[in-house]
Amino acid sequence: MSKFLITGGAGFIGGNFLHIMVNNYPEDQYVCIDALTYAGNIETLEPIMNKNNFKFIHENICNREAIFKIFEEEHFDYVINFAAESHVDRSIENPGIFLNTNILGTQTLMDACRKYGIKRYHQVSTDEVYGDLPLDRPDLFFTEDTPINTSSPYSASKASADLLVQAYHRTFGLPITISRCSNNYGPYHFPEKLIPLIIKKALANEQLPIYGNGQNVRDWLHVYDHCTAIDLIVRKGKNGEVYNIGGHNEKTNLEVVKTILKELGKPESLITYVKDRAGHDLRYAIDPSKLMNELGWKPKYTFETGIGPTIQWNLENQKWINNILSGEYIRFMNDNYKNK
Ligand code: NAD
Ligand code: DAU
């Protein structure tokens, strides 16, 4: 039996991770700490809330005293840090909270790990720490050796956290792994991000805001495949290593939006070009060969097989979507798109 701390488990990826792991490993214990920010939704955890091997604690990872107390009481074997401010557009509007949660929150967790002892601290990072690739060089991919070169306050905060995790490994001998994944999509995706936003707006026959010319490329991975990769890295990955996660599903934003419109039977006339995101990364593309060759990971979904069920999930879960359309969500949407 192992005990896992999962931070940020009321969010998109952490929530999917918990759904899978709590059911797949009934002998292990999963404790979720989440501050329930605008992006955290306790309803996401409803399907596992009453499981014997799951416990939820409402707390902020920056609250040092509370976090240390939880570590003292729970005796974790593994810590997986999903908790973060995750939306690039919000980091352009208000960088400060990204530095607090993404950097100082990571430090607090690792200090607690040092004090109370753990088998492994895993940092859930992002391919955005590598910056972007040019659109006219399809032969180039991010490898684990690609230099850190960030564009947004969000990616700078995630890169800072990665460097801190590596420093704690080298200086204090903290057992760590880091994973850097490409863009995710799937169930429980907050509708401020491109795919669920487009589904929601297309269903309401609203204009679909495409930043710039829609030619920016993202490498889309179904959230299920991200979760199985993290599980493998935490259990079998080598101490101190970074692993890239991605499934070679590169699409322009325009291709993604047109696919969704076709699936929903909605007209392309809904597409509206708006002012570009400041510092907008051109292209992300992951080389996942280290993860595949060393740990034997294989994705279950391609974009073509994953997008249909994702749209279907959104159609069937209107209640979950409507419940997160709070005042804060509406304020952000109005501000973000006001001058675009
Ligand atoms: P999300 O915004 O959907 O969820 C974040 C969760 O963290 C929420 O439940 C929120 O309440 C919680 N949280 C925020 N601040 C907190 C704090 N101070 N203390 C405790 N909990 C806090 O994010 P996501 O898309 O699920 O991303 C999860 C992780 O994966 C992040 O670290 C992100 O950088 C990384 N990542 C995301 C993607 C993607 O495509 N979404 C891809 C690669 C990596
Ligand atoms: O690559 C991993 C990253 O993917 C994660 O680290 C981030 O947490 C996650 O939010 C995501 O970042 P992106 O900025 O790539 O995702 P987003 O869904 O915000 O945007 C995807 C693309 O779509 C990007 O090129 C910007 C564009 N876009 C986005 C929105 C919200 C639009 O054209 N219009 C929009 O309204």
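Our subject is the structure that appears above.
About the cut-offs
- Residues numbered from 1 in each chain as written.
- Chains lettered and ligands numbered in written order.
- Predicted model: local features only at pLDDT ≥ 70, side-chain atom pairs only at ≥ 80, totals over all residues.
- Heavy atoms only, no water.
- Near = heavy atom within 4 Å.
- Polar contact = N/O pair within 3.5 Å; in protein donor to acceptor, adjacent residues only side chain to side chain.
- Helix = DSSP H or I, 4+ residues; strand = E, 2+ residues; numbered from the N terminus.
- Nonpolar A, V, L, I, M, F, W, Y, C, P; charged D, E, K, R; others polar.
- Axes fitted to C-alpha atoms, helices over the stretch in contact; angles between N-to-C directions.
- Left-handed = near helix turned anticlockwise from the far one by under 90°.
- Contact = heavy atoms within 4.5 Å.
- Buried < 20%, exposed > 50% of the residue type's maximum accessible area, 1.4 Å probe, protein only.

Undergrad: Just to check I follow, could you spell out the site of ligand 1 for this structure?
TA: Ile13, Asp34, Ser86, Tyr154 and Lys158 are the nearest of the 28 residues found near ligand 1. At 2.6 Å from an oxygen atom of ligand 1 is found a side-chain nitrogen or oxygen belonging to Tyr154. Between ligand 1 and Asn184 there is a distance of 2.9 Å, counted from an oxygen atom to a backbone nitrogen or oxygen. Taken together, the elements giving at least two residues each to the shell around ligand 1 come down to α1 (12–24), β5 (120–126) and α5 (153–172). Ranked by residues supplied to the shell around ligand 1, first place goes to β5 with 3 residues. For the shell around ligand 1, the class distribution of residues is 13 nonpolar, 12 polar and 3 charged.

Undergrad: Whenever I open this one, the packing of helix α2 (residues 64–74) against helix α4 (residues 96–116) confuses me. Can you help?
TA: The relative placement of two packed helices is expressed as an angle between their axes plus a distance between the axes. Here α2 crosses α4 at 35°, and the two axes come no closer than 10 Å. For the crossing formed where α2 meets α4, the hand is right-handed. Of the residues in α4, those touching α2 at Arg64, Ile67, Phe68, Phe71 and Glu72 are Thr108, Leu109, Asp111, Ala112, Cys113, Lys115 and Tyr116. Each residue belonging to the contact of α2 with α4 can be placed in one class, and the counts come to 7 nonpolar, 1 polar and 4 charged.

Undergrad: For this particular structure, what's the right way to read helix α6 (residues 194–203)?
TA: Helical geometry: 3.6 residues make up each α-helical turn, so side chains three or four residues apart lie on a common side. Burial within α6 is extensive, with 7 of its 10 residues counted as buried. Of all the positions in α6, only Ile195, Pro196, Leu197, Ile198, Ile199, Lys201 and Ala202 are classed as buried. Taken together, the buried residues of α6 touch β7 (184–185), β8 (208–211), α8 (253–264), α10 (303–316) and α12 (327–338). Downstream of α6 by one or two residues, Asn205 has phi in the positive range, about 55°.

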